[in-house]
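Tertiary structure, described
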Amino acid sequence: MSDAQANPEIMNRKSEIENLRVRLGRRVRFSINPFLEAENSGCNSYTSRPAGEGLSLFLELDVELVGSAAPQTGLLVNVSDIDRAVRRHAVPVFTERVRDYLRRGEHIGFDRIAAILRRAGEHLEDTFRPARVDRLTLKLNPFRKLAMDTKEPGMLYFSEKFEFAATHKLWNDEFSEPQNRKIFGKCANPTGHGHNYLVEVTVRTPAAGPHLEVGRFEQVVDEHLMQVVDHKNLNLDVPVFRTRIPTVENIAVFAWERLAGRFDPVQLHCITVWESDRTYCSYHG
Ligand code: NI
């Protein structure tokens, strides 16, 4: 008889853990050089494996699994096993297809990336049972990514980051000065303080199209959001923040209000605003 069978407390704990669903992510970095016959397989997976040679295409694939951690180990899936399986089953899908397209001199648009992600997801489908691959996210560069939920492979989520600098002051005129200082601390400084904000805009677009035109997308964000907030004093220069306190929460909501409905036929899905690398807020409308 095992300890767990003998001890009802451990039994209860075991079933509690089995009922907890967790989401585990693993990032796999690899490079593709379409012009070399043999890839340098490399042995530093922290940077890139295959390692790439000269100027290669560097990619990052985030694989997110959902399920319950095993009571005995506390693991959903051992990340070494995730890494090994992704490199064996998913990375070759990217390598072969990207190589083929580039060697033929063909553009790799969202529809083709979607097909690659879908195929990579199918190759991983039964690998981690009972855990399930829920989402694959391909980093296109440090500021853009394309994600697909395996349950809904017909949709893509495209995200891009933008930056703006602004001054703000967190203050409510209905509170006394000591109250404001108590609630908002240093952020209540009467003459304001600044941040370099990052805004990530995520849109939901059908994998089969019509697709997002990235140039137009950037123009819309620039015109309707960036030009309104960049190098501004948010409390004084942006009318909405005369009545709303420009917290990171309210800036995320404001960004949503400025951009929702402007990417037709593509839908706005989420806004995330970082006030620093430690503070951020997401809003889904
Ligand atoms: Ni602040």
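Residues numbered from 1 in each chain as written. Predicted model: local features only at pLDDT ≥ 70, side-chain atom pairs only at ≥ 80, totals over all residues. Heavy atoms only, no water.

**Let's talk about the overall build of the protein chain**
For the protein chain, the helix and strand inventory stands at 8 helices and 9 strands. When its C-alpha atoms are laid out on the principal axes, the protein chain stretches across 65 × 60 × 35 Å. Counting only residues that meet the buried cut, the protein chain has 41% of its 285 residues in that class. Taking the intrachain contacts of the protein chain between residues at least 6 apart in sequence as the baseline, contacts between residues at least 24 apart amount to 65%. Accessible surface, the protein chain as shown: approximately 16,000 Å² in total, 49% of it carbon and sulfur. Of the side chains in the protein chain, 38 bear a positive and 39 a negative charge, and the two mean positions are spaced by 1 Å. (Helix = DSSP H or I, 4+ residues; strand = E, 2+ residues; numbered from the N terminus. Buried < 20%, exposed > 50% of the residue type's maximum accessible area, 1.4 Å probe, protein only. Contact = heavy atoms within 4.5 Å. Areas by Shrake-Rupley, 256 points an atom, 1.4 Å probe, with all protein chains shown as cover. Lys, Arg positive; Asp, Glu negative; His and termini not counted. Charge placed at Lys NZ, Arg CZ, Asp CG, Glu CD.)

**What about the environment of T279?**
Along the chain, the position of T279 falls in the loop between strand 8 (267-274) and strand 9 (280-283). Residue classification places T279 among the partly exposed residues on the basis of a relative accessible area of 31%. Between the alpha carbons of T279 and R204 there is a distance of 25 Å; along the sequence they are 75 residues apart. Once you skip the residues sitting within four places of it in the chain, T279 turns out to touch V248, V273 and W274.

**A few points about the pattern of salt bridges**
According to the stated counting rule, one finds 21 salt bridges in the structure shown. Between R104 and E106 there is a salt bridge, with the nearest N and O atoms lying 3.1 Å from each other. Looking at E106, the relative accessible area reads 27%, which means it is partly exposed. Where R112 meets E106, a salt bridge forms, and the shortest distance between an N and an O atom there is 2.9 Å. R112 gets classed as partly exposed once you look at its relative accessible area, which sits at 24%. Through salt bridges with shared partners, a single ionic network connects R27, R29, E60, D62 and K139. (Salt bridge = Lys/Arg side-chain N within 4 Å of Asp/Glu carboxyl O.)

**What to know about the nonpolar core**
Grouped together as the largest cluster of nonpolar side chains are 64 residues, with contacts concentrated most on L61, F94, V201, F263 and I271. It is helix 3 (residues 79-103) that provides the largest number of residues to this core, a total of 8 residues. No fewer than three residues from each of domain 1 (20-149) and domain 2 (155-283) sit in this core. Ignoring anything within four residues of it in the chain, the contact list for F263 reads V201, V203, R216, F217, V220, V221 and L268. (Core = buried A, V, L, I, M, F, W, Y, C linked by side-chain atoms within 4.5 Å. Domains from an automatic or database assignment.)

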